[in-house]
Amino acid sequence: MRRVHVFDHPLILHKVTILRDRRTGHKEFRELVEELAMLMAYEATRTHPVRQLEVETPLAVAKGYTIAGQELALVPILRAGLAMEAGISRLIPTAHVGHVGIFRDPATLQPHRYYAKLPQDIAERTALVLDPMLATGGSTVACVDILKAAGCRSIKVMAIISAPEGIQRVHDAHPDVEIFTAAVDDYLNDHGYIVPGLGDAGDRLYGTR
Ligand code: PRP
Ligand code: URA
């Protein structure tokens, strides 16, 4: 199984470039995160099961398919994952959403969990963990830990920009988890920021700095 999928679709490359640009404002940044999440979900759900059904067209009955959206859970890591969830929920409105609140201590870079509310039947669902940034990997690993403790066994991670360190950390802690990312950047700086990255995703989404 390929454990890291790095996207090379022209639309994704184009949108990530605008996202990185320091001149991109909050409104456009949010829209781009939503659009990128939709495009990435197209690939991340490629193997998701479909059910066959019949649909009546104005002319005849056709064979059709329905995706088992009820079997998916979108799990945004607060705050920045929320914009990804907003995009994917437009594509797959039947997916349930579990929220996980984790912030990274700026001094220690350790993840701190402050909230978790998952669908009750999370053990039966495939969870898509959503966070634009996979930096040290601490937040994502903590989120996957929470999901597994709740019985979830099918988990995929979607991150728009990843650092090699974060990918390695997720692989080491959870070798069964596939990662879907639009870019693997160079390194983490002394403050744990991805270089070149895009800066602080939460601040750029919500205008808090
Ligand atoms: C950012 C980002 C990830 C995390 C990544 O959130 O959205 O959740 O950092 O870093 P890591 O891979 O080293 O754990 P942050 O902790 O700044 O929270 P916030 O957006 O809610 O302020
Ligand atoms: N969190 C962010 O928002 N950006 C980074 O580069 C690293 C962590």
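Structure report, in brief. These numbers come from a predicted model, not from an experiment. (Residues numbered from 1 in each chain as written. Chains lettered and ligands numbered in written order. Predicted model: local features only at pLDDT ≥ 70, side-chain atom pairs only at ≥ 80, totals over all residues. Heavy atoms only, no water.)

**Considering the packing of aromatic side chains**
Describing an aromatic ring pair means giving the distance of the ring centres and the angle of the ring planes. Applying the stated criterion across every chain, the model contains two aromatic pairs. For the ring pair F7 and F180, a centre distance of 6.5 Å and an interplane angle of 35° mean the geometry is tilted. Of this pair, F7 sits in the loop between β1 (4-6) and α1 (10-20) while F180 sits in strand β11 (residues 178-184), and the two are 173 residues apart along the sequence. Grouping residues by exposure puts F7 and F180 together as buried. (Phe/Tyr/Trp six-rings, centres within 6.5 Å; stacked < 30°, edge-to-face > 60°. Helix = DSSP H or I, 4+ residues; strand = E, 2+ residues; numbered from the N terminus. Buried < 20%, exposed > 50% of the residue type's maximum accessible area, 1.4 Å probe, protein only.)

**Considering the site of ligand 2**
Within the structure, ligand 2 sits among R104, M133, A135, G192, Y193, I194, G199, D200 and A201. In the model, an oxygen atom of ligand 2 is placed 2.8 Å from a nitrogen or oxygen of the I194 main chain. Within the backbone of G199, one N or O atom sits 2.8 Å away from a nitrogen atom of ligand 2. If ligand 2 stood free it would expose 240 Å²; the protein chains cover 88% of that surface. Most atoms of ligand 2, that is more than half of them, are within 2 Å of grid points of the largest pocket. Grouping the constituent residues of the shell around ligand 2 by class yields five nonpolar, two polar and two charged. (Near = heavy atom within 4 Å. Polar contact = N/O pair within 3.5 Å; in protein donor to acceptor, adjacent residues only side chain to side chain. Areas by Shrake-Rupley, 256 points an atom, 1.4 Å probe, with all protein chains shown as cover. 1 Å grid on protein atoms, 1.4 Å probe; cavity = no way out; pocket = protein on both sides within 12 Å on 5 of 7 lines; lining within 4 Å. Sits in = over half its atoms within 2 Å of the grid points. Nonpolar A, V, L, I, M, F, W, Y, C, P; charged D, E, K, R; others polar.)

**A short note on helix α5 (residues 164-173)**
When we look at burial in α5, the residues that qualify are G166, I167, V170 and H171. Looking down the long axis of α5, one finds its buried residues gathered within 135° of arc, a one-sided arrangement. Buried residues belonging to α5 abut β1, β9 (133-134), α4 (138-149), β10 (154-162) and β11. (Arc of directions from axis to C-beta. Contact = heavy atoms within 4.5 Å.)

**Points about the site of ligand 1**
Around ligand 1, 14 residues are found, and the nearest of them are R104, D131, T136, G137 and S139. Contacts to ligand 1 include D131, whose side-chain N or O atom sits 2.4 Å from an oxygen atom. Contact distances for ligand 1 include 2.9 Å between an oxygen atom and a backbone N or O atom of A135. When atom positions are compared with the pocket grids, ligand 1 is found to occupy the largest pocket. For the shell around ligand 1, the secondary-structure elements that each account for two or more residues are β6 (99-104), β9 and α4. Along the lines of polarity and charge, the residues of the shell around ligand 1 split into six nonpolar, five polar and three charged.

**Some words on α4**
The first and last C-alpha atoms of α4 sit 16 Å apart over twelve residues, in line with the 16 Å expected at 1.5 Å per residue. Counting buried positions along α4 yields nine of twelve residues, so the element is predominantly enclosed. Within α4 the residues assigned to the buried category are G138, S139, T140, V141, A142, C143, V144, I146 and L147. Downstream of α4 by a residue or two, G151 has a phi angle that is positive, lying close to 100°. (Expected span 1.5 Å × (residues − 1).)

**Quick word on the layout of surface pockets**
In this structure, the largest pocket occupies an estimated 690 Å³ of space. At the level of elements, β4 (72-78), β6, β9, α4 and α6 (201-206) are the ones that each hand at least two residues to the lining of the largest pocket. Along the lines of polarity and charge, the residues of the lining of the largest pocket split into 13 nonpolar, nine polar and six charged. Its boundaries defined by the atoms lining it, the second largest pocket holds a volume of some 320 Å³. (Points joined across faces, edges and corners; volume = space filled by probe spheres on them.)

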